Amino acid sequence: MALTDLCRYPIVQAPMAGGASGPALAAAVSEAGGLGFLAAGYKTADGMYQEIKQVRGLTGQPFGVNLFMPQEPHTDPAAIEVYRHQLAGEASWYETPLGDADSGGDDNYEAKLAILREDPVPVVSFTFGCPERAVLDAFAKVGTYTIVTVTTPQEAQAAQWAGADAVCVQGVEAGGHQGTHRDDPEAGGAGIGLLTLIGLVREAVQLPIVASGGLMRGAQIAAVLAAGADAAQLGTAFLVCPESGANVLHKQALTNPLFVRTELTRAFSGRPARGLVNRFMREHGPYAPAGYPQVHQLTAAVRKAAAAAGDPQGMALWAGQGHRLARELPAGRLVEVLADELDAAAAELTVTLQNLRNMRSAS
């Protein structure tokens, strides 16, 4: 099975954990000719399975499920405790206790693997690391196409060696968490831009590439395809769709003039993630330790309370750099619009190239 066999258009809906990428969104995208994705991160194994059944009831088209790789705690517990004290004012303001930072970091990974092997889905992707070859081989045996998220050529090489069918190349422009295989505190949230990263990965591996990071228009999809990608993955573009499960405050913030830019921060989860700059990020970002998922678990109740209070200044407003280009369209309609824009951009490029050839011939 090839990547292009999975969907009519080279358009993949990014799996956005935390509620945005649920059955309604994934099914609508797949029905329209894209490749929809369920985000299994932060869900129980049974919760994931119930959502898979819902998608199957809504569409007969291929779809994917994204898994978080287990994270080994490596942060000094003292650093987490210091951050807990720094967040005391947030807990008081929102009248909620901080969460338990030591409540586990495997995200029910093995149980989810077992379900997906026993009752296979068309595609499984991985974030925050690369599975062992045995895991990917097991999926290959049941006919599941596997994709590993990468942020460097070296990570892409590791995915190829392990037996992945494709890589999702994530540029630094992408909203939400950077899918780095190893969270290096010394990196300071640095990353590689998408177009450059596509070129580097294309030189490093022979795998199909799904390009992700800041893509909001069909012309941008055409650009990454021209750069060497086989498909484009969009997250923020689908975040505002009515089928998205994102909080309405999050959806509104994407185009609210009050939120003018995005930054990478560890403030909410302890891992670099791109979101709209708000009060919480400004006040706590400079002091947040590299500690995922401990920080994520620590701040979960505060983020939930802020949303319940209608206060986006205390929420994790994940967004890519192209967030101001968000269009509030039904997901299926957005896929169609993106496909039309892609066709128009491709036709324009064909004319431009022909004009260049004519100019060379005339000279």
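These numbers were taken from a predicted model, which means no experiment stands behind them.

> What should I look at first to understand the side chain of Arg303 in this one?
Here Arg303 lies in helix α13 (residues 294-308). For Arg303, the side chain forms a polar contact with the main-chain oxygen of His296, separated by 2.8 Å. When neighbours within four sequence positions are excluded, Arg303 is seen to be in contact with Phe268, His296, Gly314, Met315 and Ala316.

> Any chance you could explain the sheet that holds strand β11 (residues 273-276) here in plain terms?
Backbone-to-backbone hydrogen bonds pair the strands of a sheet. The strands run either parallel or antiparallel. Overall, antiparallel pairing links the 3 strands, which are arranged β7-β11-β10 in an open sheet. Two strands lie at the open edges of the sheet, namely β7 (176-177) and β10 (262-265), each paired on one side alone.

> Could you clarify how one ought to interpret helix α8 (residues 194-204) in this entry?
Considered for burial, the residues of α8 that qualify are Leu194, Leu197, Ile198 and Val201. Seen from one end, α8 has its buried residues packed into an arc of 105°, which puts them on one side. Of the exposed residues in α8, the ones pointing more than 90 degrees away from its buried face are Leu195, Thr196 and Glu203. At its buried positions, α8 is contacted by β5 (145-150), α7 (153-162), β6 (166-170), β8 (209-212) and α9 (218-226).

> Just to check I follow, could you spell out the sheet that holds β6 for this structure?
The sheet built from 8 strands is open, its strands ordered β1-β9-β8-β6-β5-β4-β3-β2 with parallel pairing. The sheet is open, and its two edges are formed by β1 (11-13) and β2 (36-39), each paired on a single side. Here the strands of the sheet are splayed against their neighbours by 25° on average, with no regard to which way each runs. On the sheet, helix α1 (residues 23-31) packs against β1, β2 and β3 (63-68) and is oriented at approximately 165° with respect to β2.

> Please explain α13 as it appears in this structure.
The α-helix winds at 3.6 residues per turn, so residues separated by three or four positions along the chain end up facing the same way. Compared with an ideal rise of 1.5 Å per residue, which puts 15 residues at 21 Å, α13 spans 22 Å between its outermost C-alpha atoms and is within 8% of the ideal. At Ala300, α13 shows its largest bend, some 40°. Of the residues making up α13, those classed as buried are Gln294, Val295, His296, Gln297, Leu298, Thr299, Val302, Arg303, Ala305 and Ala306. Next to the buried residues of α13 lie α3 (77-86), α4 (88-93) and α12 (279-284). Following α13 by one or two positions, Gly310 adopts a phi angle in the positive range, close to 75°.

> I'm lost on the nonpolar core in this one. Help?
Nonpolar side chains tend to gather and get buried jointly when the protein is soluble and globular. Counting 98 residues, the largest nonpolar core has Val65, Leu67, Phe126 and Phe238 as the members making the most contacts within it. Among residues more than four places away in sequence, those in contact with Phe238 are Ile11, Val12, Gln13, Met16, Leu25, Val29, Ser244, Ala331, Leu334, Val335 and Leu338.

> Is there a simple way to think about the environment of Asp183 in this case?
One can find Asp183 in the loop between β7 and α8. What makes Asp183 buried here is its relative accessible area of 11%. Along the backbone, Asp183 and Gly291 are 108 residues apart, and their C-alpha atoms lie at a distance of 9.0 Å. Among the polar contacts made by the side chain of Asp183, one reaches the side chain of Arg266 at a distance of 2.7 Å.

What counts as what
- Residues numbered from 1 in each chain as written.
- Predicted model: local features only at pLDDT ≥ 70, side-chain atom pairs only at ≥ 80, totals over all residues.
- Heavy atoms only, no water.
- Helix = DSSP H or I, 4+ residues; strand = E, 2+ residues; numbered from the N terminus.
- Polar contact = N/O pair within 3.5 Å; in protein donor to acceptor, adjacent residues only side chain to side chain.
- Contact = heavy atoms within 4.5 Å.
- Pairing = 2+ DSSP bridges.
- Buried < 20%, exposed > 50% of the residue type's maximum accessible area, 1.4 Å probe, protein only.
- Arc of directions from axis to C-beta.
- Axes fitted to C-alpha atoms, helices over the stretch in contact; angles between N-to-C directions.
- Expected span 1.5 Å × (residues − 1).
- Bend = angle between axes of the 7 residues up to and from the residue.
- Core = buried A, V, L, I, M, F, W, Y, C linked by side-chain atoms within 4.5 Å.

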